[in-house]
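Residue strings, one per chain:
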Amino acid sequence: ELGWLKLCVMVLCSNLQPGLTRCTALACSAGRRASPSWALGLRAARGFAAQIKASARIGKSRTQQRADVPLIRNIGIFAHIDAGKTTTTERLLLIGREIASPGNVDDGTTVMDFMPQERERGITIRAASAQVHWRGHQINVIDTPGHVDFAAEVERAVRVLDGAILVVDGARGVQPQTLKVWNVISKMGLPRLVFVNKLDREGASFEQAVESVVEKLRGTSFVCVQSVVEGSVNAGGLIQGIGDVLTQRAFRFSGHHNLSVEEMQPDKRLATDLRTKRQELLEAVAEVDEDIADNYLSGQAVSTEDLVEGLRRATLSTKVTPVLAGSALKGIGVHMLMDAVLAFLPAPTERPQPPRQYFEVSQKGKSRGPARKAAAVGHATPSVLPTAVVIRASIDGKLGRTTTVRVYEGAIRKGLVLYNGTQKLDERPIANIYYVQANELQPVNELGEGSIGVLTGPGNARAGDTLHVRDPRPFELQGFQIPTTPVCFAPFSVDTVKEEHDLKSALEILELEDPSVGHVEDELTGQLLVSGSGELHLSVVQDRLRTDFGLVAHMGKLAVAMSQTPEQEVSGSKTHTITNQAGMALTVSMGMRIIPKPMPEPESDSRTWLKWEENEVDIIVKVPADPRYDAPPAAAVEAIREAVHSVLTTSPVRGGRKGNMRVIGCEVVVDDILWSPAQSSAGAARACAAYLARELLVQSSMKVLEPVMEMELAVEQEYVGAVMHELHTTRRVAVREVSDGGQGVTAVSGTVPMSRLDGFASIVRTLSRGSAHLSLDRAGYHEIDSIAAVQN
């Protein structure tokens, strides 16, 4: 620590001007003692020196204050469920001295998993953020869920991050959700590190885990920057320390929570392994970095500092991904992981700005539509406006509505009025600003560029919205809106009428926080149908209704309403007379045609098919154009529409049976209306239209339609037989294609009736021992032979 103190004094005296070379030299020597890897300590020293200089700029211009931004890292921790994400985050907080002692996931005592549902189930449900201060830098960490039902949380988090740590189980290697989150990270182009965790466990192997990573993950070259110091007992898995490939040194961990790091002499085996890995690392970096390639090919020795700089450039370009080792539970290797975050992952200034969609504004200030797109790369001039993206909106019991944001440009301060570029409206002034530390909020005066924090005041913003100071050309940052397609639905009910109102209000609050939750009242059954991303997701919603709102909600099985459509066009006419209270006869005559929409046959299924977007009914009321005939008033036209719509929602099934099934996929045309202002009324028009529509539907042969979902399933090959048997025998899946998904995975696509989704995801996961990945989307409707066919 004395070496770092000397560095600070020297920096303050020299003000980082002519003494920069001397500071660099001193950082090298000080870093050897203060950091497990002196090369990483060098970068940390430079950052620490920059922070010291930046601290003297309080009260100066915004341009000067932006020097703090290079000291920020916004990273996310991703993994398959139970690979150790939250434990890793806890150790980061411990080593950064943000917490006094680490929590335990199994005991439900972690800082990051603070929701009762998370602690009860031992899983991460909601992405949580915290700050870690390390070697003069501020690391904003987001711990993301690993369960497939909460994949939307991962999608939302990854869009506001600059880098990622992928945690891999040292005993199990790459697992299904590991692959999925890797693809999400790769799609967003995030530089990343791989941390092979749980190497303290029996059967764990760093080398085998790395082989799994290289074999199953694509899009980059993986290089080991560490080796494992194995114990004398259980040498295949019991980790004792870490070997640094860059410096060819070894370290052991000791003391309370293994917080002390001591250098040790590498044995012969470790020394050989470190030399081999350094050569492999050098060759990998030389393939993608010209500076390193020139030195390497010319036969010149590549210094450790040059190799670190080359590896950083290669990592930022995502061409190379460093792989590290350790045990988060034991606190082994986490110090080096934090050093690697500073050394190899980008600051906000090193990431491209999101593209903007500009809008033209009328003189009244309302947006008239998009003007053009601009993909702004790098960071803007000092005149740029404060701009942020909403990560999450929620309701806090004490603070009211809160908005979690990532600031992309400028600084956000109290009292500032932000314009919502997504919703095209002004938000309320900012009342308070907070930094987030899991479930704790720390008041601050402002959020600077690159920061993540919470605002109170704005009352309309939702996840993905763009907030910025009003500008003559308002804009929206692109790429932050996440489509929310429900996977499953279930009816929710409560015991009293008052609780029904409370239930709807509570669901609206949950939907604000988690847009993948939805609810709608079924017009036919009156049930409140709640949608989500899976059965576990809906179970968590049910539990939160109880713990957060005091509502005991009963969740039923999957509810599916059948529909019907006419097989051929039918037409007819009718004259109907009613008598009013004065005894006067009121008469209306009209004609009507019911025309079915075409239903093409899909390649995978011989049954007739109706696309989801074609399920609505068009009701067209044609007013007589001949001036010799009186046209019905608007009230009568609306009465005709309402009558036809009412009949279509409760129309007869074939054979004259009455059923609670709506008619879809057709067009109803009402014409030849004979109307007399003196002898007709809206009531007579309503009754005439209702009787005529019902008569025509009874005459028509009706098809019963069942809603179906588009299914995509990825399952490891050893479980394909059991899963396919379930698909064919119990779930009535119409399989369209079975293909090789690569990496030992079979991909199955097709359609599955919505009525067969109850328990579907759980059964598939059970049959595949948790390795299958299932995704569902609304597809449309297909014909069934009878209602009994659905029930069997």
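No experiment lies behind these values; they were computed from the predicted model shown.

A. Representation of the overall build of the chain in the model. Helix and strand counts for the chain come out as 20 helices and 39 strands. Of all 792 residues assigned to the chain, the portion counted as buried reaches 55%. Intrachain contacts of the chain at a sequence separation of at least 6 include 72% that bridge at least 24 residues. Element-wise, carbon and sulfur atoms account for 50% of the exposed surface of the chain, whose accessible area totals about 34100 Å².

B. Geometry of the side chain of threonine 315. Take threonine 315: it is sitting in helix H12 (residues 304-316). Exposure remark for threonine 315: the relative accessible area of 0% places this residue in the buried category. Beyond its immediate stretch of four places on either side in the chain, threonine 315 contacts Pro191, Arg192, Val320, Pro322 and Phe344.

C. Region of the structure containing the sheet that holds strand S4 (residues 163-169). Across the sheet, seven strands lie side by side as S2-S3-S1-S4-S5-S11-S6; this open sheet has mixed pairing. Looking at which strands have only one partner, the edges of the open sheet turn out to be strand S2 (128-134) and strand S6 (221-224). When the angles between neighbouring strand axes are averaged without regard to direction, this sheet yields 25 degrees. Bridge count for strand S1 (residues 72-79) against S4 is five bridges, and the pairing is parallel. Across the sheet, residue glycine 76 finds its bridge partner in S4, namely alanine 164. Together, S1, strand S5 (192-197), S6 and strand S11 (320-325) form the strand contacts of H12, whose direction differs from that of S11 by roughly 110 degrees.

D. Examining helix H5 (residues 85-95) more closely. With 11 of 11 residues buried, H5 is to be regarded as a mostly interior element. Count one or two residues on from H5 and you reach arginine 97, which has phi positive near 60 degrees.

E. Structural view of the nonpolar core. The biggest cluster of nonpolar side chains holds 53 residues, and the ones touching the most others in it are Leu92, Ile139, Ile165, Leu193, Leu281, Leu311 and Phe344. Considering every element that reaches this core, the biggest residue donor is helix H13 (residues 334-344), with eight residues. In this structure, isoleucine 139 is in contact with Arg73, Ile75, Ala130, Gln131, Val132, Trp134, Val341 and Leu342, ignoring residues within four places of it in sequence. Judged by nonpolar contacts, the second largest core, of 45 residues, contains Val160, Val210, Val323 and Leu477.

F. Main features of the pairing of S4. With respect to burial, S4 is a largely interior element, seven of its seven residues being buried. Where burial is concerned, the two faces of S4 agree: the one with Gly163, Ile165, Val167 and Asp169 and the one with Ala164, Leu166 and Val168 are both buried. Examined bridge by bridge, S4 and S5 share six bridges and lie parallel to one another. The partner of leucine 166 across the bridge, within S5, is valine 194.

G. A look at the sheet that holds strand S35 (residues 666-674). Strand order in the open sheet formed by four strands is S30-S31-S35-S33, and the pairing between neighbours is mixed. With one partner strand each, in any of the chains shown, strand S30 (570-579) and strand S33 (618-621) form the two edges of the open sheet. Across the sheet, the axes of successive neighbouring strands diverge by a mean angle of 20 degrees, strand direction being ignored. As judged from the seven bridges shared by strand S31 (residues 585-596) and S35, these two strands associate in the antiparallel manner. By the bridge assignment, proline 596 is partnered in S35 with cysteine 666.

H. Spatial organisation of the pairing of strand S14 (residues 387-396). For S14, the buried fraction is high: eight of the 10 residues fall into the buried class. As paired elements, S14 and strand S15 (residues 400-409) share nine bridges and run antiparallel to each other. For alanine 388, the partnering residue across the bridge sits in S15 and is valine 407. Bridging between S14 and strand S23 (residues 466-469) involves three bridges; their strand directions are antiparallel. Residue pairing across strands places valine 389 opposite threonine 466, the latter belonging to S23.

I. Main features of the side chain of serine 327. Mapped onto the secondary structure, serine 327 falls in the loop between S11 and H13. Other than its neighbours up to four places away in sequence, serine 327 contacts Phe195, Asn197, Lys198, Leu199, Asp200, Ile239 and Ile332.

J. Inspection of the environment of serine 768 at higher detail. Its place among the elements puts serine 768 in the loop between helix H19 (760-767) and strand S39 (773-784). Look at serine 768 and you get buried, because its relative accessible area is 0%. For serine 768 and glycine 721, which are 47 residues apart along the polypeptide, the C-alpha to C-alpha distance reads 9.9 Å. If sequence neighbours within four positions are ignored, serine 768 has contacts with Val715 and Tyr719. One polar contact links the side chain of serine 768 to the main-chain carbonyl oxygen of arginine 765, over a distance of 3.4 Å.

K. Representation of the environment of glycine 241. Within the secondary structure, glycine 241 is located in strand S8 (residues 239-244). Considered as a pair, glycine 241 and phenylalanine 253 are 12 residues apart in the sequence and their alpha carbons are 6.4 Å apart. For glycine 241, the residues in contact, after removing those within four places along its chain, are Ser227, Val228, Val229, Phe251, Arg252, Phe253 and Ile332.

L. Expanded view of the packing of aromatic side chains. Overall, the coordinates contain three aromatic pairs when judged by the stated rule. Judged by centre distance (5.8 Å) and plane angle (65 degrees), the rings of tyrosine 408 and phenylalanine 480 are edge-to-face. On the criterion of sequence distance, the pair formed by tyrosine 408 in strand S15 and phenylalanine 480 in the loop between strand S24 (475-477) and strand S25 (488-493) is long-range, its members being 72 residues apart.

M. Geometry of the pattern of salt bridges. In the structure shown here, the tally under the stated rule is 27 salt bridges. Put simply, glutamate 207 and lysine 277 hold a salt bridge, and the shortest N to O gap is 3.0 Å. Here glutamate 207, found in helix H9 (residues 206-216), pairs with lysine 277, found in helix H10 (residues 268-288); they are 70 residues apart in sequence, far enough to count as distant. Accessibility expressed as a relative area gives 38% for glutamate 207, which makes it partly exposed.

N. Spotlight on the confidence of the model for the chain. On average, the chain scores 79 in pLDDT, and the residues at 70 or more come to 77%. For the chain, the element scoring lowest by mean pLDDT is helix H4 (residues 62-65), at 32; S11 scores highest, at 97. Note that pLDDT drops below 50 for residues 38-67; the model gives that stretch 72 contacts with residues more than four away or on any other chain. Note on residues 232-237: pLDDT is under 50 here. Beyond four places in sequence and across chains, it has nine contacts.

Quick notes on the rules
- Residues numbered from 1 in each chain as written.
- Predicted model: local features only at pLDDT ≥ 70, side-chain atom pairs only at ≥ 80, totals over all residues.
- Heavy atoms only, no water.
- Helix = DSSP H or I, 4+ residues; strand = E, 2+ residues; numbered from the N terminus.
- Buried < 20%, exposed > 50% of the residue type's maximum accessible area, 1.4 Å probe, protein only.
- Contact = heavy atoms within 4.5 Å.
- Areas by Shrake-Rupley, 256 points an atom, 1.4 Å probe, with all protein chains shown as cover.
- Pairing = 2+ DSSP bridges.
- Axes fitted to C-alpha atoms, helices over the stretch in contact; angles between N-to-C directions.
- Core = buried A, V, L, I, M, F, W, Y, C linked by side-chain atoms within 4.5 Å.
- Polar contact = N/O pair within 3.5 Å; in protein donor to acceptor, adjacent residues only side chain to side chain.
- Phe/Tyr/Trp six-rings, centres within 6.5 Å; stacked < 30°, edge-to-face > 60°.
- Salt bridge = Lys/Arg side-chain N within 4 Å of Asp/Glu carboxyl O.
- pLDDT = per-residue confidence, 0-100.

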